[in-house]
Amino acid sequence: MIETRRLEPADRERWEERFRAYISFYERELDQAAYDRAWREISSGTRLHGLGAWLDSELVGITHFLVHPSSSEPDLCYLEDLFTDPAVRGRGVASALIGAVRDWAREQGCGSVYWQTHESNAVARRLYDEVAAFEGYVVYTLPVGEPGRSVTPR
């Protein structure tokens, strides 16, 4: 049976292993300070929240999420990161984590939970298509850059 709960101090080492695997999956690199900062934020539980999924007493999945206001509906919950150990994929870990975030968001009075994934992440998208609605939005990212630099068309 899959157990989901808030991450605790004793989970730090295994959480970091899972988070490093997630970052690697998206072909990114972070320095140790970034992992330390993320853990501090998750541990405080004020701005960034984290849940883990355990199977046979082993942490096999993690998710990070936050709440932000909306101009047109109740607060929104953004599910920022979701990762399951490849060895347990297909056993309901990701579904359990998504469900746990949904339940948490409901308790906080949020109107919905949303997330994004890369279009090439076909395995995850199959699950997401089962548990949520794809509303067709396209995501753009604008790096903040240096002060004084203007936004110019490419």
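Our subject in this report is the structure included herewith. Quick caveat, the model's predicted, so the values are computed rather than measured. (Residues numbered from 1 in each chain as written. Predicted model: local features only at pLDDT ≥ 70, side-chain atom pairs only at ≥ 80, totals over all residues. Heavy atoms only, no water.)

## So, the pairing of strand S3 (residues 58-68)
Threshold: Criterion used throughout: strands pair if DSSP finds at least two bridges between them. Only DSSP runs of H or I with at least four residues qualify as helices, and only runs of E with at least two residues qualify as strands; both kinds are numbered from the N terminus onward.
When strand S2 (residues 49-55) meets S3, the two strands line up antiparallel, connected through 7 bridges. Residue pairing across strands places Leu55 opposite Glu58, the latter belonging to S3. Once S2 ends, the chain turns through 2 residues before running back antiparallel as S3, passing Asp56 with a positive phi of about 55°. Pairing geometry for S3 and strand S4 (residues 76-84), over 8 bridges, is antiparallel. If you follow His68 over to S4, its bridge partner there is Leu76.

## Let's talk about the environment of Ala53
Selection rule: Each residue gets one of three labels from its accessible area relative to the maximum for its type: buried under 20%, exposed over 50%, partly exposed in between, using a 1.4 Å probe on protein chains only.
Note on placement: Ala53 falls in strand S2. By relative accessible area, Ala53 is classed as buried at 0%. Taking the C-alpha atoms as reference, Ala53 lies 13 Å from Pro86; in sequence the two are 33 residues apart.

## A closer look at the pattern of salt bridges
To keep it simple, the criterion reads: Think of a salt bridge as a Lys or Arg side-chain nitrogen and an Asp or Glu carboxyl oxygen that are within 4 Å of each other.
Scanning the entire structure with this criterion turns up 13 salt bridges. The closest approach of N and O atoms between Arg5 and Glu8, which form a salt bridge, is 3.7 Å. Note that Arg14 is salt-bridged to Glu58, the shortest N-O span being 2.7 Å. Highlighted residues: Arg14 in helix H1 (residues 12-25) and Glu58 in strand S3, separated in sequence by 44 residues.

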